Amino acid sequence: MADRSWASAQLIEAAQAGDRESITAVIHGAHSHVRRFAEHLCASPQDAEDAAQEALIILYRKIGSLRATGALASWMFRIVRNECLRRGRLLFDRDEEAGAALMTSAEDEAIRRLEAELVAQAIRELPEVQRRVLIMRDVLGYPGRRVAEVLGLSDAAMKSQLHRARTRLRLSLGDLTGPAGGPHDPEAAGA
């Protein structure tokens, strides 16, 4: 069943058939829903806007391939989700490239890549809310209140999720960091 707040089944069918006015109406009706979803899923407001725009471009180009009129909302949300995830991966890749310039040997580069992959995998395994809070707060450096606001959490809930994410990450990376005071412990190395 089509979401009536977006567009009627008849309008979606006309858009699927290639009627430009119907396509425009469907895109216009979908924009606020897609944007709101992207704001909750993407790490930054700019990424949310970009992901929403990308989803609407895909809708424009491929609405004819939509099989069921009632699948429009889930199809759009899946596109937005994938775009937000892609943008998150790009962020990690850019950070990885920036750090590569500082490497002094092939051994250092191999160790850095292994550690980065282990950290990325551990972050991917976090529950969605914890992952998003951790990325926005610790990776992107957003203030706690902004993170809470974007994710629709109270300050206390955001702090709790952040604490849980950090604890879970620390536990899953225990083998990587070694025992306290070990060779990978920055405090032991005087950092």
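Residues numbered from 1 in each chain as written. Predicted model: local features only at pLDDT ≥ 70, side-chain atom pairs only at ≥ 80, totals over all residues. Heavy atoms only, no water.

Caption draft 1: Main features of the overall build of the chain. Looking only at helices and strands, one finds nine helices and zero strands in the chain. Counting from the amino terminus, helix and strand elements in the chain follow one another as α-α-α-α-α-α-α-α-α. For the chain, the residues scored as buried account for 35% of the 191 residues in total. A fraction of 59% describes how many contacts in the chain between residues 6 or more apart in sequence connect residues 24 or more apart. Accessible surface for the chain amounts to roughly 11,700 Å². Of this, 54% is attributable to carbon and sulfur atoms. (Helix = DSSP H or I, 4+ residues; strand = E, 2+ residues; numbered from the N terminus. Buried < 20%, exposed > 50% of the residue type's maximum accessible area, 1.4 Å probe, protein only. Contact = heavy atoms within 4.5 Å. Areas by Shrake-Rupley, 256 points an atom, 1.4 Å probe, with all protein chains shown as cover.)

Caption draft 2: Here's a closer look at helix H8 (residues 155-172). The end-to-end C-alpha separation of H8 is 26 Å, in line with the 26 Å expected for 18 residues at 1.5 Å each. Residues of H8 that are buried: Met-158, Gln-161, Leu-162, Ala-165 and Leu-169. End-on, the buried residues of H8 take up no more than an arc of 100 degrees, which puts them together on one face. Exposed and facing more than 90 degrees away from the buried side of H8 are Ala-156, Lys-159, His-163, Arg-170 and Leu-171. (Expected span 1.5 Å × (residues − 1). Arc of directions from axis to C-beta.)

Caption draft 3: Local environment of the nonpolar core. Among the nonpolar cores identified, the biggest contains 25 residues, and Val-26, Val-34, Leu-59, Leu-72 and Met-76 are the most heavily contacted of them. If you list the elements that add at least two residues to this core, you get helix H1 (9-16), helix H2 (20-41), helix H3 (45-62) and helix H4 (72-100). Sorting elements by how many residues they give to this core places H2 first, with seven residues. Ignoring anything within four residues of it in the chain, the contact list for Val-26 reads Ala-7, Leu-11, Ile-12, Ala-15, Leu-59, Ile-63 and Leu-72. Listed in part, the 18 residues of the second largest apolar core include Ile-123, Met-136, Val-150 and Leu-151. (Core = buried A, V, L, I, M, F, W, Y, C linked by side-chain atoms within 4.5 Å.)

Caption draft 4: Looking closely at the pattern of salt bridges. Considering all chains together, one arrives at seven salt bridges under this definition. In this structure, Arg-145 engages Asp-155 in a salt bridge whose closest nitrogen and oxygen atoms are separated by 3.9 Å. Taken as a pair, Arg-145 in helix H7 (residues 144-151) and Asp-155 in helix H8 lie far apart in primary sequence, ten residues in all. Connected through salt bridges with shared partners, the residues Arg-35, Glu-39 and Glu-49 form a single ionic network. (Salt bridge = Lys/Arg side-chain N within 4 Å of Asp/Glu carboxyl O.)

Caption draft 5: Summary view of the packing of aromatic side chains. Throughout the structure, instances matching the rule amount to one aromatic pair. Between Phe-37 and Phe-77, the ring centres sit 4.5 Å apart and the planes meet at 40 degrees, which makes this aromatic pair tilted. Pair noted here: Phe-37 is in helix H2 and Phe-77 is in helix H4, with a separation of 40 residues, a long-range link. (Phe/Tyr/Trp six-rings, centres within 6.5 Å; stacked < 30°, edge-to-face > 60°.)

Caption draft 6: Examining the packing of helix H6 (residues 128-139) against H7 more closely. Contact pair H6 / H7: the axes reach a minimum separation of 9 Å and the direction vectors enclose 145 degrees. The chirality of how H6 crosses H7 is right-handed. Within the contact between the two elements, H6 uses Arg-132, Val-133, Met-136 and Arg-137 and H7 uses Gly-144, Val-147, Val-150 and Leu-151. Residue classes in the contact of H6 with H7 are distributed as five nonpolar, one polar and two charged. (Axes fitted to C-alpha atoms, helices over the stretch in contact; angles between N-to-C directions. Left-handed = near helix turned anticlockwise from the far one by under 90°. Nonpolar A, V, L, I, M, F, W, Y, C, P; charged D, E, K, R; others polar.)

Caption draft 7: Region of the structure containing H3. Under the 1.5 Å per step criterion, the end-to-end length of H3 is 25 Å for 18 residues, consistent within 8% with the ideal 26 Å. Buried within H3 are the following residues: Ala-48, Ala-51, Ala-52, Ala-55, Leu-56 and Leu-59. End-on, the buried residues of H3 take up no more than an arc of 135 degrees, which puts them together on one face. In this structure, H3 carries Gln-46 and Arg-61 as exposed residues pointing more than 90 degrees from its buried face.

Caption draft 8: Structural detail: the environment of Glu-21. Mapped onto the elements, Glu-21 comes out in helix H2. Taking relative accessible area as the criterion, Glu-21 reaches 67% and is therefore assigned exposed. For the pair Glu-21 and Leu-11, spaced ten residues apart in the sequence, the C-alpha separation amounts to 9.4 Å.

Caption draft 9: View of the environment of Arg-137. Within the element layout of this structure, Arg-137 appears in helix H6. In this structure the C-alpha to C-alpha distance between Arg-137 and Met-158, which are 21 residues apart in sequence, comes to 9.7 Å. Within the local environment of Arg-137, its side chain forms a polar contact with the backbone oxygen of Tyr-142, the two atoms lying 3.0 Å apart. (Polar contact = N/O pair within 3.5 Å; in protein donor to acceptor, adjacent residues only side chain to side chain.)

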